Structure formats: C-alpha cells, structure tokens
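Letter by letter, the chains look like this.
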Amino acid sequence: MEQRETLSSRLGFILLSAGCAIGIGNVWKFPYITGFHGGSAFVLVYLFFLVIMGIPILTMEFSVGRASRKSPIHAFNALEKPGQKWHLHGYMALAGNYLLMMFYTTVTGWMLHYFYLSVTGAFDGKNVEQVSAFFPMMLSQPAVMTFWMIVVVASGFAICAAGLKKGVEKITKVMMIALFVLLLVLAIHSIFLKGGSAGLKFYLLPDFERMKETGIVATVVAAMNQSFFTLSLGIGAMAIFGSYIGKEHSLFGESIRVAALDTFIAFFAGLIIFPACSAFGVDAGSGPNLLFITLPNIFNNMAGGRIWGSLFFIFMAFAAFSTVIAVFETIIACNIDLTGRSRKKIALTNTFILIALSLPCVLGFNVLSGVQPLGKGSGILDLEDFLVSNIALPLGSLVYLLFCVSKRGWGWKNFTEEANAGDGAKLPNWLRFYTTYILPVIIVSIFIIGIKDKFF
C-alpha cells in the first residue's frame, strides 16, 4: 500500500474543504432559493440553521477523519469498539460519492459547454427565443454531453493521479483563488449596472412580509435543507480532508472557517445574480431556467456581454470542478484503503468506471428520456439527485452524529478531545445535550420531509 500523504498547509485544508462544499448547487441554488423565499429574510434563517446544524456535523466528520487517519471506508474501523458495525457506513459513504458523481459530472459538463458557447460568441446576435433554445438543444445531443462529461471525468482523475500535494492541493488552490477573483469582478460589475440597485435592496434588506407570502414553514424547511446540504455532509467527502491535516488547530474552529467561506461564496453569487436580474427586469426566483436560459439572455443584452458571460460560466465551472476533484479524491482514498493499489492505477480504473456510471444521466435527457423513475416529469438525474440529497446525505450525517455522541459509538469525550485539539475555537460541553437529543430529531425530520415531498 502506498504511503499516505498529508496536506502541505492549513490553507490547503480550508480551500479543499470549502471547494468540496461550494459546488454549483451553492452558487446557483442558494441565490435561486433566496429569491423564491423573499431575499435576505431567508438568508437570516439559513445562517441560523447553518450554525446549529451544519457546523456541528462538519466538525464530527473532520474529527472522525483526523482521529482515524483513514479514508471513510476504514475510518470507523479504527475508532469503533470490537464487534461494532459502524464501519458498514463506509461502504454507504463510498456508494454515495459514486452516486453523486454519476450526475454531477454531467452538470459540470454543462458549465464547460456554456463557457465554450459564450467564449466563441454563439449567443451573439441571437434573440431571446434563440438563446433560450440552446439549453434544450444541448440536452437533446448525447454526443455533446458525453464529450463534456468525459472531459470532466478524465481531467478530474488526472489531477488526482498526480498526488495529493502536487495534484489535488496545487490545482485546487489555483482554481479557488481564480474563483475568488472572478467572483469579486463579476459582483462589482453587477452591483454597478444601471437598475441593479433594486435587486441589491431585495437581496440585502430583510422583508419578513415577503417571507410570509411564500410561507414561513416552507421558508424554514428550505433554509434547513440548504444549510444542511450545502456542506456535502454524510458521505465522507469532508472526513477525508480531516484525515490529511495535523492537530495544530481545533476542528471546531476550522469548521467555522470552512462554513464561513462556503457562505461567502454563495452570498457573493447572489450579488452577481440579483442586480443583473433587476437591471434587465427578470425574476431571480425563476428556478432552474435562471442559469441556462435567463442569465445567458441577460449577458447577451449587456454591454460586453460576451466577456461577462464567459467569465460567469468559467466561474461556475471552477465552482463545480472543485467539488468533482474533492469527491474524486475521496473515491481514490477509499479504493487505496480497500485494494492497496497505487493512486495512478486506481485513478485510471475509476476514469472508465465513472464514465460508464455517468452515461445513464447523459442519456436520460434524450435516448432514455422515456424513463421516469420518480413519476411523470422526472428523469434519471432526478432519481440520482434524490438518492444523494434525500437519502445518503441525511442518513449518513445521522450516522456520523450518533457515532460521535453515543456511548455505543466513539462517544462524546473522544469526539470533543479530537475536535478541540489544537489552537482555535473549542466545542462547548453544553452542546452535548443538544447534539445528543435535539439534532438527531432535526435530521430525521429533514429525511421524513424529503420523502414526504417526493412521494406524497
């Protein structure tokens, strides 16, 4: 078995963890949900649940990873008591990572395709209907989507094959720094658009009356879901980076930093989208159409729109690809622990495995469009997303939570000693009652609500 690497710096740990969390779901879904549920009133509710749900469970994942120094597939083996079965979750975690990438590689490919369309001027001179037609046209072309999916999978595993420091950490640092620069440039540009101030006010000024119109219960549930899923918790994608970092800094403090950085990116994505939408009179809460239909039309009618559109979609590609690299690293680490084979061999093998596993999602929009596993209007991507978001993430997070607080698991004392080791913020002991008796109920409620909304 090859020698286990460690990250070269604390910055690498924070950027890799934040990169895994950011993804396209955060920079796209967060502004859309915020717009739908009434602007910054929703943001306040979201931040509340991020603090009471997301950060504690993130700390637990990091702690299991750092204490075990193993990938998710063997982390529980190293910490559980003889005869216990917590380690079975390792296989569920690995399956969850594969399942996530079965559709995430395709959606990341969409970002690259739209960057290509923007930079080559494909939208130039087109009217609203013509620009809007590009998205369904792309979905109807399996060859185009397969090409971009293969580019994502092959390049992602090539980066991981180069090693943790020389590949994953080095590339992610460059990509994240570029993402921050693009984010600031795009946000400043949008804020100063003529007519953009209305969108800015909508986004930044709380209006609880608007939240009442949407429904307070619906808003709270949406905030709970977003704060929970934004950090990609439950499938070990965060635990792996905990296993690569030293004990110089407390993991509770690092979890706060990662969550803050993740929220910063999502918040600034709203500063790009809301002013631009108000400047051109479109609804920022228009759902999935916002990214691939509404925004390309906005850029197409904007001075220098080809440049701004290209920058926006390469920004989205970077955000998506940061998650791809992080999850691929988890998959490789698990396979190394399972097989003892070299990183490069595992990366090569998994390149072909992920391409094959990703094809159903690609074909689900065209050749297999008649397959609707969750009912009329659903597709293969919807099924895969449901299994990850509504099954693997909440149940996986519940396992990490119970393992860290239960006497029949790792236990609160062992968990807090690991989480609080090093400099930085410490996990207060008074949280024990909350994390043991209240937080599990919240997670189970999220799971039940997700099942109910999908089937009932």
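Scroll up to find the structure.
Residues numbered from 1 in each chain as written. Predicted model: local features only at pLDDT ≥ 70, side-chain atom pairs only at ≥ 80, totals over all residues. Heavy atoms only, no water.

Draft legend 1. Here's a closer look at the overall build of the chain. In terms of regular secondary structure, the chain is built from 19 helices and zero strands. Rg of the C-alpha trace for the chain: 21 Å, near the compact-globule value of 23 Å for 456 residues, within the 12% margin. Projected onto its principal axes, the C-alpha positions of the chain cover 65 × 50 × 45 Å. When the 456 residues of the chain are sorted by exposure, 59% land in the buried category. Residue pairs at least 24 apart in sequence account for 83% of intrachain contacts in the chain once pairs closer than 6 positions are excluded. For the chain, the accessible surface area stands at approximately 17800 Å², while carbon and sulfur atoms represent 68% of it. (Helix = DSSP H or I, 4+ residues; strand = E, 2+ residues; numbered from the N terminus. Rg over C-alpha atoms; globule rule 2.2 N^0.38 Å. Buried < 20%, exposed > 50% of the residue type's maximum accessible area, 1.4 Å probe, protein only. Contact = heavy atoms within 4.5 Å. Areas by Shrake-Rupley, 256 points an atom, 1.4 Å probe, with all protein chains shown as cover.)

Draft legend 2. Layout of the packing of aromatic side chains. Summed over all chains, the structure comprises 29 aromatic pairs. Judged by centre distance (3.9 Å) and plane angle (5°), the ring pair of Phe157 and Phe328 falls under stacked. Residue Phe157 is located in helix H7 (residues 142-161), and its partner Phe328 is located in helix H15 (residues 305-339); the two are separated by 171 residues in the primary sequence. Summarising the burial analysis for this pair, Phe157 and Phe328 share the class buried. Considering the side-chain rings of Phe202 and Phe274, the 5.6 Å spacing of their centres and the 45° angle between planes classify their relative orientation as tilted. (Phe/Tyr/Trp six-rings, centres within 6.5 Å; stacked < 30°, edge-to-face > 60°.)

Draft legend 3. Structural context of unusual backbone geometry. Located in the positive-phi region is Arg69, a residue other than glycine, with phi close to 55°. Take Arg69: it is sitting in the loop between helix H2 (40-68) and helix H3 (72-79). For Arg69, a relative accessible area of 30% translates into the label partly exposed. Positive phi values are uncommon outside glycine, yet Ser232 reaches one of about 55°. As for its position among the elements, Ser232 is in the loop between helix H11 (216-229) and helix H12 (239-242). Of the residues examined, Ser232 reaches a relative accessible area of 13% and is grouped as buried.

Draft legend 4. The arrangement of the nonpolar core in detail. Core analysis: the biggest nonpolar cluster contains 159 residues, and Met53, Met101, Trp110, Tyr114, Phe312, Phe315 and Phe328 have the highest contact counts within it. If you tally residues by element for this core, the top one is H15, at 20 residues. Excluding anything up to four places from it in sequence, Met53 contacts Met224, Ser227, Phe228, Tyr434, Leu439, Ile442 and Ile446. (Core = buried A, V, L, I, M, F, W, Y, C linked by side-chain atoms within 4.5 Å.)

Draft legend 5. Seen up close, the packing of helix H8 (residues 164-191) against helix H13 (residues 251-279). Running from N to C, H8 and H13 cross one another at 35°; their axes reach a closest spacing of 8 Å. Crossing of H8 against H13: the hand is left-handed. Between H8 and H13, the contacting residues are Leu179, Phe180, Leu183, Leu184, Leu186, Ala187, Ser190 and Ile191 on the first element and Leu261, Phe264, Ile265, Phe268, Ala269, Leu271, Ile272, Pro275 and Ala276 on the second. Taken together, the residues that form the contact of H8 with H13 break down as 16 nonpolar, one polar and no charged. (Axes fitted to C-alpha atoms, helices over the stretch in contact; angles between N-to-C directions. Left-handed = near helix turned anticlockwise from the far one by under 90°. Nonpolar A, V, L, I, M, F, W, Y, C, P; charged D, E, K, R; others polar.)

Draft legend 6. Broad picture of H13. The first and last C-alpha atoms of H13 sit 42 Å apart over 29 residues, in line with the 42 Å expected at 1.5 Å per residue. Where burial is concerned, most of H13 is hidden: 22 out of the 29 residues are buried. Taking the backbone nitrogen of Gly253 as reference, a side-chain oxygen 3.3 Å away marks Ser250 as the first, capping residue of H13. (Expected span 1.5 Å × (residues − 1). Polar contact = N/O pair within 3.5 Å; in protein donor to acceptor, adjacent residues only side chain to side chain.)

Draft legend 7. Geometry of the packing of H3 against helix H17 (residues 380-405). Look at H3 against H17: their axes get within 12 Å of each other, and the N-to-C directions meet at 20°. When the axes of H3 and H17 are compared, the pair comes out roughly parallel. Relative to H17, the crossing made by H3 is left-handed. In contact with Pro72, Phe76 and Leu79 of H3, H17 contributes Val399, Tyr400 and Phe403. (Parallel < 35°, antiparallel > 145°, perpendicular 65-115°, else oblique.)

Draft legend 8. Expanded view of a nonpolar patch on the surface. On the surface, Leu184, Ile188, Phe192 and Phe264 cluster together into a nonpolar patch covering about 420 Å² of accessible area. Note that Ile188 resides in helix H8. Note on Ile188: relative accessible area 49%, which makes it partly exposed. (Patch = residues over 30% accessible without salt bridge, like charges linked within 9 Å, V, L, I, M, F, W, Y side chains within 5 Å. Salt bridge = Lys/Arg side-chain N within 4 Å of Asp/Glu carboxyl O.)

Draft legend 9. How the structure looks around the pattern of salt bridges. In the structure shown here, the tally under the stated rule is eight salt bridges. Between Glu254 and Arg10 there is a salt bridge whose closest N-O contact spans 3.0 Å. Note that Glu254 is positioned in helix H13 and Arg10 in helix H1 (residues 10-36), a separation of 244 residues in sequence. Several salt bridges share partner residues, and in doing so they unite Arg10, Glu254 and Arg257 into one network.

Draft legend 10. Region of the structure containing the side chain of Thr59. Note that Thr59 resides in helix H2. Reaching out from Thr59, the side chain makes a polar contact with the side chain of Ser255 at a distance of 3.0 Å. Dropping the residues within four chain positions of it, Thr59 is found in contact with Leu251, Phe252, Ser255, Phe415 and Ala419.

Draft legend 11. Focus on the environment of Ser71. Among the structural elements, Ser71 can be located in the loop between H2 and H3. It is 9.8 Å that separates the C-alpha atoms of Ser71 and Glu329, two residues lying 258 residues apart in sequence.

Draft legend 12. Broad picture of the environment of Ala347. In this structure, Ala347 sits in helix H16 (residues 343-363). Sequence separation between Ala347 and Phe157 is 190 residues; the distance between their C-alpha atoms is 5.4 Å. With sequence-adjacent residues up to four places away left out, Ala347 is seen in contact with Phe157, Ala161 and Ile332.

Draft legend 13. How the structure looks around the environment of Phe208. Structurally, Phe208 can be placed in helix H10 (residues 208-214). Residue classification places Phe208 among the partly exposed positions, given a relative accessible area of 44%. Along the chain, Phe208 and His37 lie 171 residues apart, while their C-alpha atoms are 9.8 Å from each other. Residues within four places of Phe208 in sequence aside, it is in contact with Ala41 and Leu44.

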